Amino acid sequence: MNILVLNCGSSSIKYQLLDMKAQPVILAKGLVEKIGLPMGIFTHKPEGKEKLIIEQPIPDHVDGMDLILKALIDKKYGVIDSLNEINAVGHRIAHGGEYFSHSVLIDEDVKAKIKACSEIAPLHNPAHLKGITTMERLLPSVPQAAVFDTSFHQTLPPKAFIYGIPYEYYEKYGVRKYGFHGTSHKFVAEKACQILGWNIAEKKIITCHLGNGASITAIDKGKSVDTSMGFTPVAGVIMGTRCGDLDIGALLYICDKKQFTSLEAVRLTNKESGVYGISGVSSDFRELDAAVAEGNQRAQLAIEVFCYDVKKYIGSYAAVLNGVDLIVFTGGIGENNSIVREMVCNGLEYLGVDFDSNINQQARGVDRTLSKADSKVRVMTITTDEELVIATDTMELVKSIK
Ligand code: ADP
């Protein structure tokens, strides 16, 4: 079964076409960027074939999707003979609010609920809806599924998701902690347990998804019980360009000083902050590491703040879980940056972490145990694969139709 996985942003579409045999294979993947801008870019990477790059105006999502579908069946760059070979489409949806605790097949009701969540996810859900309606037009007979970043965290107990503000803001406007990156947290926790031969239903796990966006999750018996992102993905640890947890008083003070509108405050806290804001160098940890090597102290400080934040969340989630059996690192930084993993784990001996620095230094983009054999707490790095989760969920939902 071939499944097209789509992640539609406001000006971009990421995609993968997967052949879901016993060992799933990526047939092609790519990216449409700068939709709606004077010049767009389309990059298509078919497996075993030459890469295709097209630069041309891409006025809207329909044009973007059209480029993708044409490339998939192109004589030179294509990987399937006809669009009939696409059996289903799986969409990554950022926000499912309190409506969705599982992935679902898309129908009118699901679309209405995704639309209702647009109010609390204005940067993401409208673009996802555009993606869904476009695919309905271009591939009308193909079933589509929605896989939500938030659904894994719907098991959070009220004490973990209610904010300390008047309750009516939760009741009237849905203001509460939702959490994100759920697909990744669930996937790496399950994969780690599979590798270790553990029953996840008996384990206490802390997963650290560290990429441009970063979040930490406490998982008890396979269920998310707390997570660091909140009503929006700006909360929790500091990130590439997001500020993470911040004293609201400080933000209001800045807004007063600079006469910021709420949009400008969103820009400051989402795009100009985090390790980028502290270092003034970059949001990318590879560039930060390079700057540190040249003696840049603010880059060093940015990395220290990041690792300190992650460590604090691990400590607090160990308290939430009453102990921890396994700590998992994933995401671009968690999978590749041994310096960050070492800085985070250094000082977790009190929890029972006996970290193996030598193995850590060699572990890059692989699934590996980073703790010593007799460490009470296991530490692992696990490669995440959100597209595979979306494709797998979509396949299972489509199979259930028949
Ligand atoms: P996103 O949240 O956008 O998916 P990623 O998970 O790709 O982000 O993470 C981006 C971060 O991961 C960057 O800071 C980058 O430095 C780091 N990173 C990604 N790939 C590598 C790599 N191969 N080697 C070292 N660092 C990497």
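For the structure itself, consult the block above.
Residues numbered from 1 in each chain as written. Predicted model: local features only at pLDDT ≥ 70, side-chain atom pairs only at ≥ 80, totals over all residues. Heavy atoms only, no water.

(A) Fine view of empty space enclosed by the protein. This structure, assessed with the given rule, holds one cavity of 30 Å³ or more. In this structure, the largest cavity spans a volume of roughly 30 Å³. Lining of the largest cavity is provided by Ile162, Tyr163, Ile165, Pro166, Tyr167, Tyr170 and Val175. When grouped by side-chain class, the residues that make up the lining of the largest cavity number seven nonpolar, no polar and no charged. (1 Å grid on protein atoms, 1.4 Å probe; cavity = no way out; pocket = protein on both sides within 12 Å on 5 of 7 lines; lining within 4 Å. Points joined across faces, edges and corners; volume = space filled by probe spheres on them. Nonpolar A, V, L, I, M, F, W, Y, C, P; charged D, E, K, R; others polar.)

(B) Looking closely at the site of the ligand. Near the ligand the following residues occur: Gly211, Asn212, Gly213, Ser283, Asp284, Phe285, Arg286, Gly331, Gly332, Ile333, Asn336 and Arg364. Between the ligand and Asn212, the relevant distance is 3.0 Å, taken from an oxygen atom to a side-chain nitrogen or oxygen of the residue. The backbone of Phe285 places a nitrogen or oxygen atom 2.9 Å from an oxygen atom of the ligand. A total of 570 Å² of accessible area belongs to the ligand in isolation, and the protein chains cover 68% of it. Elements supplying a minimum of two residues to the shell around the ligand: helix H10 (285-293) and helix H12 (331-336). No other element matches H12, which puts four residues into the shell around the ligand. (Near = heavy atom within 4 Å. Polar contact = N/O pair within 3.5 Å; in protein donor to acceptor, adjacent residues only side chain to side chain. Areas by Shrake-Rupley, 256 points an atom, 1.4 Å probe, with all protein chains shown as cover. Helix = DSSP H or I, 4+ residues; strand = E, 2+ residues; numbered from the N terminus.)

(C) Structural detail: the packing of helix H2 (residues 108-116) against helix H3 (residues 125-138). At their nearest, the axes of H2 and H3 sit 9 Å apart, and the two run at 155° to each other. The angle between H2 and H3 places the two elements in the roughly antiparallel class. The element H2 and its partner H3 pack so that their crossing is left-handed. Of the residues in H3, those touching H2 at Lys111, Ile114 and Lys115 are Asn125, Leu129, Ile132 and Glu136. Class assignment of the residues belonging to the contact of H2 with H3 gives a composition of three nonpolar, one polar and three charged. (Axes fitted to C-alpha atoms, helices over the stretch in contact; angles between N-to-C directions. Parallel < 35°, antiparallel > 145°, perpendicular 65-115°, else oblique. Left-handed = near helix turned anticlockwise from the far one by under 90°. Contact = heavy atoms within 4.5 Å.)

(D) Quick peek at the packing of aromatic side chains. Within this structure, the stated rule accounts for nine aromatic pairs. Of the aromatic side chains, those joined through ring pairs into one cluster are Tyr99, Phe100 and Phe148. We note Lys203 situated over the ring of Trp198; from NZ or CZ to the ring centre the distance is 4.3 Å. (Phe/Tyr/Trp six-rings, centres within 6.5 Å; stacked < 30°, edge-to-face > 60°. Lys NZ or Arg CZ within 6 Å of the ring centre and 35° of its normal.)

(E) Region of the structure containing the sheet that holds strand S6 (residues 88-93). Here eight strands make up an open sheet; going across it, the order is S5-S4-S3-S2-S1-S6-S8-S7 and the pairing mixed. Looking at the sheet topology across the chains shown, the edges are occupied by strand S5 (52-56) and strand S7 (104-105). Relative to strand S4 (residues 40-46), strand S3 (residues 25-33) runs antiparallel, the two sharing six bridges. Directly across from Val32, in S4, lies its bridge partner Phe42. (Pairing = 2+ DSSP bridges.)

(F) Representation of the packing of helix H1 (residues 61-73) against H3 within the structure. Where H1 contacts H3, the axes come no closer than 10 Å and their chain directions differ by 55°. It follows that H1 is oblique to H3 by the angle criterion. Here H1 runs over H3; the crossing is right-handed. On the side of H1, the interface is formed by His61, Val62, Met65, Asp66 and Leu69, while H3 contributes Ala127, Lys130, Gly131, Thr134, Met135, Arg137 and Leu138. Residue classes in the contact of H1 with H3 are distributed as six nonpolar, three polar and three charged.

(G) Region of interest: the sheet that holds strand S12 (residues 326-330). Taken together, the six strands give an open sheet; going across it, the order is S11-S10-S9-S12-S14-S13, and neighbouring strands pair in mixed fashion. A strand with exactly one partner marks an edge of an open sheet, and here the two such strands are strand S11 (223-227) and strand S13 (368-369). As defined by bridge partners, S13 adjoins strand S14 (residues 378-381) across two bridges and the pair is classed as antiparallel. Considered in S14, the bridge of Arg368 is made with Thr381. Together, strand S9 (204-210), strand S10 (214-220), S12, S13 and S14 form the strand contacts of helix H6 (residues 182-196), whose direction differs from that of S9 by roughly 125°.

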